Amino acid sequence: MVSISQKIITIPPVLDRNWVEQSNSLLCERNRNLILDLSKTVRIDSAGLCFIKLLNLQCKNSGKKLILRNISSDHLNLLKTCNFPFQDKESPDSFKNSFFVSTGDTFIKFMNNSVHALSVLTEMLYWGTFGLLKKQDFKRGALGEQMYQLGYKAFGIVTLLSFLIGIVLSLQSAMQLRNFGAGIFLAPLIGITMVREMGPLLTAIILAGRTGSATTAEIATMGVGEELDALQTMGINPIQFAVVPKFWAISITMPILSILATAAGILGGFFVAIFYLDLSSSIFWGELSKHLHLRDLNAGFIKSVVFSWLIIWIGSYYGLRVRGGAEAVGRETTASVVTGIFIIILADAIFSFIL
Amino acid sequence: MLNPLKKDIVRINNLVVKYGENTILNDISTRFYSSEIRVILGTSGCGKTTLLKSIIGLLKPFSGTVYIENTEIKDQDDPETVKILKKIGVLFQNGALLGSMTVGENVALPLQMHTNLPDSIIKEIVQLKLAQVDLPNASELYPGELSGGMKKRAALARALALDPPLLFCDEPSAGLDPVTSAGLDELLLKIRKTLGITIIVVTHELLSIEKIADNITFLSKGALLFDGPLKDALALEKGPIVDFFKRHEPKNKFHLSNTTDFFVENIK
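Residues numbered from 1 in each chain as written. Chains lettered and ligands numbered in written order. Predicted model: local features only at pLDDT ≥ 70, side-chain atom pairs only at ≥ 80, totals over all residues. Heavy atoms only, no water.

In this section: the overall build of chain B. For chain B, the count of helices and strands is nine helices and 11 strands. Each principal axis of the C-alpha distribution contributes one length, and for chain B these read about 85 × 45 × 40 Å. Each of the 268 residues in chain B was classed as buried or not, and the buried ones make up 49%. Total accessible area on chain B stands at roughly 13,200 Å², and carbon and sulfur atoms take up 51% of it. Charged side chains in chain B number 31 positive and 32 negative. The centres of these two groups are separated by 3 Å. (Helix = DSSP H or I, 4+ residues; strand = E, 2+ residues; numbered from the N terminus. Buried < 20%, exposed > 50% of the residue type's maximum accessible area, 1.4 Å probe, protein only. Areas by Shrake-Rupley, 256 points an atom, 1.4 Å probe, with all protein chains shown as cover. Lys, Arg positive; Asp, Glu negative; His and termini not counted. Charge placed at Lys NZ, Arg CZ, Asp CG, Glu CD.)

Take a look at the structure:
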């Protein structure tokens, strides 16, 4: 048998976390038997106990021995209390990191989330429409209050931003158009862009930030505080109470806000046409009405309604799935806004093909 | 141990509840009588709150049935179940008042939802309920502005708003000082006396159990150990129920293994 060298370590009177911090390198000793001399030791803290336990485990795994010399019986009893069978519940590394396992895991998680999201959507649509024939579980005046909060209060920021974007877009286009002497085309250009794209999209992005986050935070806080459970036990449907008023409020106010945003954007273009391109106002409006068709207006309207449903759906889905406390509320609110904006832009891209 | 002659209001048949693989409640069958105060008790993690949540339909049981007044508790959207839910009041552990509404609006909520009473009557009922729980001036305050004990009492007022024949309380004295919690116990006794309702309380506070309980349901590790009058339970001589009431220390608290893995030289 190969003789293995020994190393004797004298443990100081206090074996505590300070000592463990400094001596952590001991854990790497692999080649020799270790003898811990505890003759002077009077106090051991939890870090010390676990240190000895880990050291013992490591020595055993590499076929060495850890010998505790001159340990007091009290300390030995203490050590026995941490000698519980400890098993890492994680599966072995090779299995855990396997491509198939991680792919399957991700897929199952994705499917679960999708099922949950779709069930939230169907519940929202059902309780917002046919379910209303069965029962109407919302506060009196909830719809008006929500329309004021979601719609009226967003009016200022939505129109201001659209107006500014309208100016910026038309200025950039006007510079190019003037080079070709085609300044007259600014009217249909800004008109169609605002009506079909920018009006609904800008409104949706602003409302996703305002309303989507507020919805998530509100519903999530209600869930964390057992308020949704309390509603259920009172025989009040939580979806109807918390989500449906917002659903109708945003379905009604969002198209109106979209129209106002579009108008503000076109107004911005109008100012650029008047002051930068020196067009007359009758030419601007004439060109605009000549090139703007009903189907453009329809496209803008449909978009704004669909976007409003997406916002409220994603907002309430993230709110309803919260588990945990304050941190989870913050995390889900962030996720809700990011996903909301992403899905809206994705939907806009899809609409560009079909409308 | 249960009296078959008494009229029952809640019947639980072979209830099994699982969270994933873990069985939380295993084959619970019991009955709660009219106008009694029943205390569901047991050590932490024995399934008390789970039992309560399955009775009121917040948790879907794996198998078994719950009947309240001869109606089976099913889905929350089932019209029959909703009808029954209007007849029960639930006091949650932390109150679960709606934070965005004042105390008065919270108490008025079930009345506005489930009745067609005129506003003036609802206002009067709210004042009455708040006076019953000794919170006559809290109606305009928000739940966040109340102390823990006041929150519980406000939630109790809301739970009592529709004059339910059945009231569930989840750990009413948790996190309250002894005086406030004794006050809450008094309040429950007073409510039972004046309104004659059935009260089902989940708790592990010995003092309040001995003060209020008529019958107890003792759970241990998800199984029903004892179901019957409190005095019968107190007359028992040994077993987990006696350990509970006499505050015995648990056996095998630390798992001291005799076979040690350590190589030892020279024990001091």
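Although it is not a glycine, aspartate 278 of chain A sits at a positive phi angle of roughly 55 degrees. The class of aspartate 278 of chain A is exposed, set by a relative accessible area of 63%. With a phi angle near 65 degrees, aspartate 134 of chain B is a residue other than glycine that sits in the positive phi range. Here aspartate 134 of chain B lies in the loop between helix 4 (119-132) and helix 5 (148-159). Classification of aspartate 134 of chain B by relative accessible area gives partly exposed; the value is 48%.

This part is about the sheet that holds strand 11 (residues 263-265) of chain B. Spatially, the four strands line up as an open sheet ordered 1(A)-3(A)-5(A)-11(B), and their pairing is parallel. Two strands lie at the open edges of the sheet, namely strand 1 (6-10) of chain A together with strand 11 of chain B, each paired on one side alone. The mean angle between the axes of side-by-side strands here comes to 25 degrees, regardless of whether they run parallel or antiparallel. With four bridges joining them, strand 3 (residues 33-37) of chain A and strand 5 (residues 66-69) of chain A adopt parallel strand pairing. Along strand 5 of chain A, the bridge assignment pairs leucine 34 of chain A with leucine 66 of chain A. Sheet strands touched by helix 2 (residues 46-61) of chain A: strand 3 and strand 5 of chain A. Its angle to strand 5 of chain A, the strand with the most contacts, is close to 140 degrees. (Pairing = 2+ DSSP bridges. Axes fitted to C-alpha atoms, helices over the stretch in contact; angles between N-to-C directions. Contact = heavy atoms within 4.5 Å.)

Turning to the layout of surface pockets, a few remarks are in order. The volume enclosed by the largest pocket comes to roughly 1,300 Å³. Lining the largest pocket are 41 residues, and of these Leu228, Asp229, Gln232 and Arg323 of chain A together with Leu58 of chain B lie nearest its centre. At the level of elements, helix 5 (99-128), helix 8 (186-224), helix 9 (227-233), helix 10 (238-275) and helix 12 (294-320) of chain A together with helix 1 (48-55) and strand 4 (63-68) of chain B are the ones that each hand at least two residues to the lining of the largest pocket. Looking at the lining of the largest pocket, its residues break down into 17 nonpolar, 13 polar and 11 charged. Volume-wise, the second largest pocket comes out at about 870 Å³. If you go around the second largest pocket, you meet 34 residues; those closest to its centre are Lys139 and Glu145 of chain A together with Ser100, Met101 and Glu105 of chain B. (1 Å grid on protein atoms, 1.4 Å probe; cavity = no way out; pocket = protein on both sides within 12 Å on 5 of 7 lines; lining within 4 Å. Points joined across faces, edges and corners; volume = space filled by probe spheres on them. Nonpolar A, V, L, I, M, F, W, Y, C, P; charged D, E, K, R; others polar.)

Turning next to the packing of helix 5 of chain B against helix 6 (residues 178-195) of chain B. Residues and elements named next belong to chain B. Where helix 5 meets helix 6, the closest approach of the two axes is 10 Å, and the angle between their N-to-C directions is 15 degrees. One way to sum up the angle between helix 5 and helix 6 is to call them roughly parallel. Crossing of helix 5 over helix 6 shows right-handed handedness. Contacts from Gly149, Lys152, Arg153 and Leu156 in helix 5 reach Thr180, Leu184, Leu187, Leu188 and Ile191 in helix 6. Residue composition of the contact of helix 5 with helix 6, by class: five nonpolar, two polar and two charged. (Parallel < 35°, antiparallel > 145°, perpendicular 65-115°, else oblique. Left-handed = near helix turned anticlockwise from the far one by under 90°.)

Turning our attention to the packing of helix 5 of chain A against helix 12 of chain A. Residue and element names in this part refer to chain A. Two elements in contact, helix 5 and helix 12, have axes separated by 9 Å at closest approach and are oriented at 120 degrees. Looking at the two axes, helix 5 sits oblique to helix 12. Crossing handedness for the pair helix 5 and helix 12: right-handed. Touching Asn113, His116, Ala117, Leu118, Val120, Leu121 and Met124 of helix 5 are Trp309, Ile312, Trp313, Ser316, Tyr317 and Leu320, all from helix 12. Considering only residue class, the contact of helix 5 with helix 12 consists of 10 nonpolar, three polar and no charged.

Another aspect to go through is the pattern of salt bridges. Residue and element names in this part refer to chain B. Applying the stated rule across the entire model yields 18 salt bridges over all chains. Between glutamate 186 and lysine 211 there is a salt bridge, and its shortest N-O distance comes to 3.5 Å. With glutamate 186 in helix 6 and lysine 211 in helix 7 (residues 206-212), this residue pair connects regions lying 25 residues apart in the sequence. Given the relative accessible area of 44%, glutamate 186 is considered partly exposed. Assessed through its relative accessible area of 36%, lysine 211 is described here as partly exposed. Across the pair aspartate 214 and arginine 192 runs a salt bridge whose closest N-O atoms are separated by 2.8 Å. In this pair, aspartate 214 is assigned in the loop between helix 7 and strand 9 (215-220) and arginine 192 in helix 6, connecting sequence segments 22 residues apart. In this structure aspartate 214 comes out as partly exposed when scored by relative accessible area, which is 29%. (Salt bridge = Lys/Arg side-chain N within 4 Å of Asp/Glu carboxyl O.)

All names here are of chain A. Within the secondary structure, serine 162 sits in helix 7 (residues 142-179). Engagement of the side chain of serine 162 in a polar contact is seen with the backbone oxygen of valine 158, the distance being 2.8 Å. When sequence neighbours within four positions are dropped, the list of residues in contact with serine 162 reads Met194, Leu202, Ala261, Ala264 and Gly265. (Polar contact = N/O pair within 3.5 Å; in protein donor to acceptor, adjacent residues only side chain to side chain.)

What follows covers the interface of chain A and chain B. With 43 residues of chain A at the contact, the number on the chain B side is 37 residues. Summing the contributions of chain A and of chain B, the shared interface buries around 3,600 Å²; its carbon and sulfur component is 58%. Taking the shortest distance from any N to any O, the salt bridge between aspartate 119 of chain B and arginine 140 of chain A comes out at 3.2 Å. Elements that contribute at least two residues to the side of chain A that touches chain B include exactly helix 2, strand 5, helix 3 (73-81) and helix 9 of chain A. (Buried area = accessible area lost by both parts, 1.4 Å probe.)

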